[in-house]
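Take a look at the letters that make up each chain.
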Amino acid sequence: MKRWMVLALVMMMLAGTALADPAADARGVEEAFARACSAGDLKGVMALYADDAIAVWPGQGAEAKGKADIEKMAAALCKQGSGAQFTLESLEALPLGDAHIVTVAHWESTLAGPARRRLTTQVRSTEVLVKKDGAWRYLVDHASIGQPRPRQAAAARRARRMR
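The written sequence of each chain sets the order in which its residues are numbered from 1. For a predicted model such as this one, the threshold for reporting local features is a pLDDT of at least 70, and the threshold for listing and counting side-chain atom pairs is 80 or more; totals across whole chains, interfaces and linings nevertheless cover every residue. Just so you know, side-chain values use all the structure's heavy atoms and leave hydrogens and water out.

1. Points about the environment of K67
Okay, so step 1: With respect to the element layout, K67 can be found in helix 4 (residues 67-77).
Okay, so step 2: With 20 residues separating them in the primary sequence, K67 and A47 have C-alpha atoms 9.3 Å apart.
Okay, so step 3: Contact criterion: two residues are considered in contact whenever any of their non-hydrogen atoms come within 4.5 Å of each other. Apart from residues no more than four positions distant in its own chain, K67 is found in contact with M46, Y49, A50 and D51.
Okay, so step 4: A 3.5 Å cut-off defines polar contacts: any pair of N or O atoms within that distance qualifies, except that in protein one atom must be a possible hydrogen donor and the other a possible acceptor, and neighbouring residues in sequence count only when both atoms are side-chain atoms. Within the structure, K67 has its side chain in polar contact with the backbone oxygen of M46 (distance 3.2 Å). For helices the rule is a DSSP run of H or I covering at least 4 residues; for strands it is a run of E covering at least 2, with both sets numbered from the N terminus onward.

2. A look at the nonpolar core
Okay, so step 1: By nonpolar core we mean a set of buried residues, namely Ala, Val, Leu, Ile, Met, Phe, Trp, Tyr and Cys, connected to one another through side-chain atoms within 4.5 Å. A 1.4 Å probe rolled over the protein chains alone gives each residue an accessible area, and that area as a share of the maximum for its type sets the label: buried under 20%, exposed over 50%, partly exposed in between. V45, Y49 and W57 are the most contacted members of the largest nonpolar core, which totals 33 residues.
Okay, so step 2: The greatest single-element share of this core, amounting to seven residues, is contributed by helix 2 (residues 22-38).
Okay, so step 3: Beyond its immediate stretch of four places on either side in the chain, W57 contacts Y49, A62, M73, A74, L77, D141 and A143.

3. Quick look at the packing of aromatic side chains
Okay, so step 1: In this analysis, rings of Phe, Tyr and Trp, with Trp reduced to its six-membered ring, are considered paired at centre separations within 6.5 Å, and the interplanar angle assigns stacked below 30 degrees, edge-to-face beyond 60, and tilted for intermediate values. Counting across every chain of the model gives four aromatic pairs.
Okay, so step 2: Aromatic pair F33 and W57: ring centres 6.5 Å apart, planes at 80 degrees, arrangement edge-to-face. Residue F33 is located in helix 2, and its partner W57 is located in the loop between strand 1 (49-56) and strand 2 (63-65); the two are separated by 24 residues in the primary sequence. Side by side, F33 and W57 carry an identical accessibility label, which is buried.
Okay, so step 3: On the basis of an interplanar angle of 40 degrees and a centroid distance of 4.9 Å, the ring pair of Y49 and Y138 is categorised as tilted. With Y49 in strand 1 and Y138 in strand 6 (residues 135-146), this residue pair connects regions lying 89 residues apart in the sequence. There is no split in this pair, since Y49 and Y138 are both buried.
Okay, so step 4: Members of the aromatic cluster, joined through ring pairs, are F33, Y49, W57, F86 and Y138.

4. A look at the pattern of salt bridges
Okay, so step 1: The salt bridge criterion pairs a side-chain nitrogen of Lys or Arg with a carboxyl oxygen of Asp or Glu, the two atoms within 4 Å. Taken as a whole, this structure holds four salt bridges when the rule is applied.
Okay, so step 2: In this structure, D51 and K67 form a salt bridge, with 3.8 Å as the shortest nitrogen-oxygen distance. With D51 in strand 1 and K67 in helix 4, this residue pair connects regions lying 16 residues apart in the sequence.
Okay, so step 3: You can call D51 exposed: its relative accessible area is 61%.
Okay, so step 4: Judged by relative accessible area, which is 26%, K67 ranks as partly exposed.

The structure is reproduced here in structure tokens:
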């Protein structure tokens, strides 16, 4: 009887691993980042990073290793009251074993600009998530500003000419 119980337990554990959805796991981390950063919740943002994480974000010199350095960059991006908004537009997630997921995501980012104008940009991110202590966290977080889609670029040029 003990053997059957052990076998059943092993089968359930293996089935749980096989049924894991890397896209859902990654989406959960991405959406948690968007909510926390938009709310100015720096503690919530930092909870999503592994201690030894590396981040490369758009901007000159915007590269950080370890939580302390990442926190400095995140504090600038996720200022409380800044009105930062992040919308996840698409996400691809590929599992690398049971403890890592690689993602490629496309975001729309709206930040405060000069003279109270809102700046909306397209952001691409490529990330490696690692499962530590039962939770998915960023191990590598690389984001870059994308070029506007052709229609958006043309509309933006027309809008600038009309000012």
